[in-house]
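Breakdown of the fold
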Amino acid sequence: MSGCNEYDVIVIGAGPTGMTLALFLAQNGVKTLVLDKEEDVYPLPRAAHIDHEIMRIFQDLGVADVVESTCRSSKTYDFVTGDGRMLMQFDGLDAIGPGGWPVGNMIHQPSIERILRDAASKNSNLDLWTNCEFEAFFENDSGVAVVLKSGEKSVRLSASFLVGADGARSSVRRQAGIEQEDLNFDEPWLVVDAIVHDFDRLPKVNLQICDPERPTSCVLMGSGRHRWEFMLKPDEVPEEMARDSVVAGLLEPWGVEGAVEIERTAVYRFNAKVAKSWRKARVFLAGDAAHLTPPFAGQGMCAGIRDAANLAWKLVQFLKFGASDGLLETYQNERDAHARGYIQLAIAMGQTVCMTDIAKAEARDADMLAARAERRLLAPPPPLHLKAGFLSDSVAAGHYFPQFRLEGSCVVRLDEILGGGARMITRDVVGVIDDTYITIKSILDPALKPFHQLLLGWLDLHEVNAVLIRPDHYVFGTGEPASLVEDWKTRL
Ligand SMILES: Cc1cc2nc3c(=O)[nH]c(=O)nc-3n(C[C@H](O)[C@H](O)[C@H](O)COP(=O)(O)OP(=O)(O)OC[C@H]3O[C@@H](n4cnc5c(N)ncnc54)[C@H](O)[C@@H]3O)c2cc1C
């Protein structure tokens, strides 16, 4: 029992966002209930890609190695014409990214959700209820009363905070009266997931076929699967297009008969929307409940998991360490801008791919081929840093702090030595600084010896003596150790 409430936080929705948030909270001693109306993980085809930052977040949760064992890797992501000419290529996706894991990791979403749910069963601060539907919430003086339906029973519980991680059609969002801003993207696509019997007969890299006759995506997935997506034409009926015989016809040009077995198909409308507010008093939105993106940048679930990592440490600070409400207010401010950056990238990619007018597509091809020859940038770069929020006024504040790694017979990553939470890395050994929450380590510490040169390089590059890194791996600020800690405490 937390205060007069049964839980500190109730999370609606045990999808990737809700589970990540719930695991972080529980790991930090926050009594959490996460619930889902379905009995098991959602089985339909969805995310196929996560990036290096998400793998680092999974590392924080202790599940990265098992997630990695399910992943596959695509070296490049190629946008090509119907006749195979390269319009645009994102390369180096198998290289190690700043998060200390490969830049791109091809996954099977239900397998990842299963791993997160397995981790939940090991944490005594976390209750996971399935077959339990959120119905209503009411704010009161001490928090939020939540009405749930579990089987035939109606259950009423209370918590200090409620988080709606209940997906695109979020009931929490609707009940909170929060509207969405439509960023004007709406295209229907047929998604086909296949179990692979013969990988040798499949493409080895991710492809967007920018063919105005039938825009098509073909991507690798984890857990022994492969994905095709076909844009539907205005006169095509979704249910008919999802029929086995139609799908077989769409796959015919790929010559994969016998190499794959269709597992599931679904028709989605790819949308771009952002909730106008991500918070109403003690209720927060996260993941698809807060933002929707077309999948061309492979970032919808990634954004939800970043929301979870951002909101989790702020709730922990508020609930456990007496931080002010102002910290919670920085959640939308920081995450909205970052999520929109990726949505804009995905829309730009989608507009390139979803062009069905032949004359316009020819003009696009000519432009893109010329731009490629001139090495001109074709899509907005993905947002890496936070621009505003809980950040000090100093060099590199808001930058993503890299997770250095050492290769060898087994890989060693910085966070394994530094640990999680808020961390300060200093050039010199510092005296005792009165703070129990921040881990303070000098680069002279024997434990950090393997990373000495890399960390020194970072401090030298920014010409600073210390860096204070937030639990979500973004830099709070740089400067002198004591004043950084003071600044952190003051802002809390
Ligand atoms: C075709 C496709 C491809 C995609 N590819 C990628 C990709 O490559 N990379 C990427 O990062 N993202 C991708 N995405 C997006 C990704 O799948 C979503 O962003 C992600 O699932 C969102 O996670 P979430 O936890 O926020 O919401 P969801 O996964 O939708 O989970 C919400 C949960 O809430 C539960 N729920 C809903 N209402 C209630 C209620 N009233 N009571 C209780 N429980 C409730 C639901 O049962 C569900 O389990 C793709 C999506 C699609 C459709």
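Residues numbered from 1 in each chain as written. Predicted model: local features only at pLDDT ≥ 70, side-chain atom pairs only at ≥ 80, totals over all residues. Heavy atoms only, no water.

**Here we look at the site of the ligand**
Lining the immediate environment of the ligand, one finds 34 residues, of which T17, D36, R46, D288 and M301 sit closest. Contact distances for the ligand include 2.9 Å between a nitrogen atom and a backbone N or O atom of F134. For the ligand, whose free accessible area comes to 990 Å², the fraction covered by protein is 92%. When contributions to the shell around the ligand are tallied by element, the ones reaching two or more residues are α1 (16-27), β8 (132-140), β14 (225-231), β15 (260-275) and α8 (300-321). By residue class, the composition of the shell around the ligand is 14 nonpolar, 11 polar and nine charged. (Near = heavy atom within 4 Å. Polar contact = N/O pair within 3.5 Å; in protein donor to acceptor, adjacent residues only side chain to side chain. Areas by Shrake-Rupley, 256 points an atom, 1.4 Å probe, with all protein chains shown as cover. Helix = DSSP H or I, 4+ residues; strand = E, 2+ residues; numbered from the N terminus. Nonpolar A, V, L, I, M, F, W, Y, C, P; charged D, E, K, R; others polar.)

**Concerning the environment of S69**
Mapping S69 onto the fold places it in the loop between α3 (64-68) and β4 (77-81). On the basis of relative accessibility, which here comes to 59%, the residue S69 falls in the exposed class. Once the C-alpha coordinates of S69 and A363 are considered, the two residues, 294 residues apart in sequence, prove to be 43 Å apart. Of the polar contacts made by the side chain of S69, one reaches the backbone oxygen of V66; its length is 2.6 Å. (Buried < 20%, exposed > 50% of the residue type's maximum accessible area, 1.4 Å probe, protein only.)

**Some remarks on the packing of α1 against helix α4 (residues 109-120)**
Close contact between α1 and α4 brings their axes to 10 Å; oriented N to C, the two are set at 25 degrees. Judged by the angle between their axes, α1 and α4 are roughly parallel. Viewed along their axes, α1 and α4 form a crossing whose handedness is left-handed. Where α1 abuts α4, its residues P16, M19, T20 and L23 lie against Q109, E113, L116, R117, A119 and A120. Taken together, the residues of the contact of α1 with α4 sort by class into six nonpolar, two polar and two charged. (Axes fitted to C-alpha atoms, helices over the stretch in contact; angles between N-to-C directions. Parallel < 35°, antiparallel > 145°, perpendicular 65-115°, else oblique. Left-handed = near helix turned anticlockwise from the far one by under 90°. Contact = heavy atoms within 4.5 Å.)

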